[in-house]
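Reading the structure
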Amino acid sequence: MKAAERWFAMAGVVILSMVAVAGFAVAIYAAWLFHDLPDAGELAEYRPPVATRVFGWDGTLIGEFSTERRIFVPYDEIPPVVAQAFLAAEDRNFFHHGGIDVGGLGRAMAKNVLNFVRGRRLEGGSTITQQVAKNIMLTNQATVGRKLKEAILARRLEATLDKRQILELYLNEIFLGYRSYGVASAAFNYFGKPLDRLTLAEAAYLAALPKGPSNYHPIKNKQRALERRNWILGQMAEAGSITRAQAEAAMREDLVVQLAPQRARYRDADFFVEEVRRRAIGLFGHRRVTEGGYYLRTTLDSRMQTAARIALMDGLEAYDRRHGWRGAWGNVVIQPGWEKEAAKKAKPAERRTWVAAAVLTPGGAIQLAQGGAGQLVGEDVSWANAGKGLKRGDLIFVEPAANGGGYRLRQIPAVNGALVALDPNTGRVMAMVGGYSFSLSNFNRATQANRQPGSTFKPFVYATALEDKFTPASIILDAPIRFGNWSPENYSHRYYGPSRIRTGLELSRNVMTVRLAQQVGMNRIAENAIRYGIVKHMEPQLAMALGAGETTPFKLTAAYSIFPNGGRRVTPHLIELVEDRTGDVIYRADSRRCLTCGRGFAGAESPRLRPDGEQVLDPVVAYEITSMLEGVVQRGTGTAARVLNRPVAGKTGTTNEYRSAWFVGFTPDLVVGVFVGFDDNRSLGSGEAGAVTAVPIFVNFMQQAVGRQAPKPFRKPKQAKYVMVGGIEEAFRPGTEPRGPIGPARPSSSSAGAAVQGPRPYNEVWRDGRVSGAANAADASRGPPPPAN
């Protein structure tokens, strides 16, 4: 008996020891499991990563910057039908449990018995509160430990946040496929509409996605998606959120989504938006831009931007057409399956309706990769055969002819270019296109291509001279001139003797420009080029006066603003205003202050802000150059722009060997720069000057940009003195004007003869009829070969 008692006593000790050890082990496991459990109170201040949305000046959504595509929507702005759909699908008892739904957990466990037997994924039975805890504060590991943490955090969340806050977090945080985080982003990505415009059927479909977006993909698994959507509609009717009739009507709707998620419907501003992204990151940093949920308003005018894209693409294609068919972009054996091979090789430009096709005969019979056959129009067959020709199996791009008869042959231009349009009074960049196609090349030629500006630099030489001792009445000798081994020539290879300064700029006379630069001094011209923002550095060499330096279309176009705006250097900018997710302004491009704007109205004149920008050029000189550049359009190298039938000024530019073609033109309220050239800087071909290649692009853009606006004259400075010179009204700075009207320039017989027969001394420059003194010989350094025009 005593032995039995001792045995029971020893067994009891062992059992108690084992219990103690087990309890200790459980305690250690619990301590290890929960040592890093997040603080649920942190969620009270939690702000999920939200996309920065980018808008044009007119409110058009043009882009989005994000690591996760999320648009945060407060609970009060979430349509009830959306919230009800998710509650019906995920957690019908959400407003009645304390974070853990015991009944729902029991049902999930019962289902899991069958799921385990069938080899299916086990259900978690998690409430929305538990899902918030998991999605934001835990990992996706399917372990018992994670589920325990999830349950504890759910209870803490319920004690920290109210139900509305928890549901708001859930609906904004959850991943719903199609690159969508949160319901608002999903509404745009799937259906292309804001959350408050979703139909009942669309809201129910979004509620189907938390179980697995790929399982209910609207295209790949459409039938399963419809079944899940309809089940949710039935659950909503059962819960009383909607009527049975509403549910049945929604069930009859088809599931129609966008083929792919889109950040913005407006797609003409790829180069512009990418430049905005770079500048925004420079201002705020990458993380704040991609996760901060900023509202970013740009300077872009969507109508002008579309016109700019079309004008540049059409102009580059027109140039490309002039230079012949370069051949097919691929070749295949015409046999079953060739269409797939063609699809892999095809890289058409965006915003074009071109389709891939294969040539069947040299006579232009084709087979479309998308199905069907056709015939190239005769004109294009002749054009192609004059170039590389057509042969069977050639892969080409075609487009239906406008009249419906056959197909037009298309090819992607090898040449490229840029167009920049900005407001000269504020610096707002209203349109910018950096190349033919962003998808084919995202190199932005507007802001990144440094090229010689050619004769488009000349107005700044003349402006420097007019701020010195020259006037619109000054006469300059147009005759051969030589500096060592360098002898600049006019584009026409002819010389015209003594001519007024206006003629030199209107007709782009190289020799007159060099003589003028020599007299003024290249040091001053280089200083002004830096001051106007054209370049950061310029060697003081005479060749620079003809545009031998390098700049970008963006900088050059911005510099031209000083002429129509009265001599002020404004800062060209693409970002106008930035607000954080709470609506506070964190950046504004216009830093001017209005000291009287907040006062009440007492009948006095409205407050006026001072004009923006630094005064870098005399307002009268700015108008003198503007008037001369109007003459370029009326009588000079830019006469093709006269078709605009409004006051327009501008300057063409053509660099050496026709490597680049330019035109920078402007009206009182818009400056537009056009550049055309190959990326490898090879020649555009003989005769492809700025007047031929760039001006038509400018004209096509301006017809759309300002065609509906009433013509507006350039603003004349009140302080200027106006005198007729050679039949043209010229502006003079006070004290420099002639005593009366001056007739046409009449050079003496000796000077005229010298101008025709041979070179004269380099110091022959007239100011109001007087021969100038010698210039500083040090300014005559040759420098690099200058542009041609």
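Because the structure is predicted, anything quoted here is derived from the model rather than measured.

Comments concerning the overall build of the chain
- Looking only at helices and strands, the chain has 24 helices and 24 strands in total.
- When the 789 residues of the chain are sorted by exposure, 51% land in the buried category.
- Once local pairs closer than 6 in sequence are excluded, the contacts in the chain between residues at least 24 apart make up 71%.
- As displayed, the chain offers around 36,300 Å² of accessible surface, 52% of which is attributable to carbon and sulfur atoms.

A short note on the sheet that holds strand S10 (residues 416-422)
- Taking strand neighbours across the sheet as the criterion, the five strands line up as S11-S10-S20-S19-S18 in an open arrangement whose pairing is antiparallel. The open sheet terminates on both sides in strands that have one partner only, identified here as strand S11 (429-433) and strand S18 (649-654). Put simply, the sheet's adjacent strands are angled 5° from each other on average, direction ignored.
- The pairing of S10 with strand S20 (residues 670-677) spans seven bridges and is antiparallel. Note that in S20 the partner of Val420 across the bridge is Gly673.

Considering the packing of helix H16 (residues 458-467) against helix H21 (residues 619-635)
- Running from N to C, H16 and H21 cross one another at 135°; their axes reach a closest spacing of 9 Å. Classed by the angle they form, the pair H16 and H21 counts as oblique. Crossing of H16 against H21: the hand is right-handed. Where H16 abuts H21, its residues Pro459, Tyr462, Ala463, Leu466 and Glu467 lie against Val621, Glu624, Ile625, Met628 and Leu629.
- Of the residues assigned to the contact of H16 with H21, the class counts are eight nonpolar, no polar and two charged.

Focus on the pattern of salt bridges
- All told, the structure shown has 37 salt bridges when counted by the stated rule.
- Across the pair Glu399 and Arg410 runs a salt bridge whose closest N-O atoms are separated by 3.0 Å. One end of the pair, Glu399, is in strand S8 (residues 394-400); the other, Arg410, is in strand S9 (residues 407-410), with 11 residues separating them in the sequence.
- Residue Arg410 is classed as partly exposed on the basis of its relative accessible area, which comes to 24%.
- Across the pair Arg502 and Glu506 runs a salt bridge, and its minimum N-O distance is 2.9 Å. Of this pair, Arg502 and Glu506 are both found in helix H17 (residues 501-506), four residues apart, which corresponds to roughly one turn of the helix.

Considering the sheet that holds strand S2 (residues 61-65)
- Taken in spatial order, the five strands line up as S2-S1-S3-S15-S16 in an open sheet, and their pairing is mixed. Each edge of the sheet is formed by a strand with only one pairing partner; in this case those strands are S2 and strand S16 (585-588). When strand polarity is set aside, the average angle formed by the axes of neighbouring strands in this sheet is 15°.
- Here strand S1 (residues 52-55) runs beside S2; their pairing, made up of four bridges, is antiparallel. Residue pairing in the sheet places Val54 in a bridge with Gly63 of S2.
- The sheet contacts of helix H11 (residues 270-284) involve S1, S2, strand S3 (295-298), strand S15 (575-579) and S16, and relative to S2 the element is tilted by about 45°.

Observations regarding the confidence of the model for the chain
- Taken residue by residue, the chain gives an average pLDDT of 87. The fraction at 70 or more is 83%.
- Below pLDDT 50 for its whole length, residues 748-786 participates in 87 contacts with residues either more than four positions away or in separate chains.

Points about the side chain of Ser627
- Of note, Ser627 is situated in helix H21.
- Those residues in contact with Ser627 that sit more than four places away from it in its chain are Arg502, Glu729 and Glu730.

Things to note about the nonpolar core
- Judged by nonpolar contacts, the single largest core of 83 residues is most densely connected at Phe272, Phe460, Ile534, Tyr560, Phe563 and Leu629.
- The dominant element in this core, judged by the number of residues it contributes, is H21, at eight residues.
- When residues no more than four places from it in sequence are discounted, the contact partners of Phe460 are Tyr532, Ile534, Leu556, Ala559, Tyr560, Ile562 and Phe563.
- Phe86, Ala184, Leu198 and Leu255 belong to the second-largest nonpolar core, a separate cluster that totals 54 residues.

With respect to the environment of Leu574
- Following the sequence through the fold, Leu574 ends up in the loop between strand S14 (568-569) and S15.
- The class of Leu574 is buried, set by a relative accessible area of 1%.
- As for Leu574 and Gly427, which are separated by 147 residues in sequence, their C-alpha atoms are 8.6 Å apart.
- Each residue touching Leu574, except ones within four places of it in the same chain, is listed here: Phe272, Glu275, Val276, Arg279, Thr298, Thr299, Val429, Met432 and Phe554.

Digging into the packing of helix H9 (residues 222-239) against helix H10 (residues 244-251)
- Between H9 and H10, the least distance of the axes is 9 Å, while the angle of their chain directions is 170°. Looking at the two axes, H9 sits roughly antiparallel to H10. Between H9 and H10, the contacting residues are Arg229, Asn230, Leu233, Gly234 and Ala237 on the first element and Arg244, Ala247, Ala250 and Met251 on the second.
- Partitioning the contact of H9 with H10 into residue classes produces five nonpolar, two polar and two charged.

What counts, and at which threshold
Residues numbered from 1 in each chain as written. Predicted model: local features only at pLDDT ≥ 70, side-chain atom pairs only at ≥ 80, totals over all residues. Heavy atoms only, no water. Helix = DSSP H or I, 4+ residues; strand = E, 2+ residues; numbered from the N terminus. Buried < 20%, exposed > 50% of the residue type's maximum accessible area, 1.4 Å probe, protein only. Contact = heavy atoms within 4.5 Å. Areas by Shrake-Rupley, 256 points an atom, 1.4 Å probe, with all protein chains shown as cover. Pairing = 2+ DSSP bridges. Axes fitted to C-alpha atoms, helices over the stretch in contact; angles between N-to-C directions. Parallel < 35°, antiparallel > 145°, perpendicular 65-115°, else oblique. Left-handed = near helix turned anticlockwise from the far one by under 90°. Nonpolar A, V, L, I, M, F, W, Y, C, P; charged D, E, K, R; others polar. Salt bridge = Lys/Arg side-chain N within 4 Å of Asp/Glu carboxyl O. pLDDT = per-residue confidence, 0-100. Core = buried A, V, L, I, M, F, W, Y, C linked by side-chain atoms within 4.5 Å.

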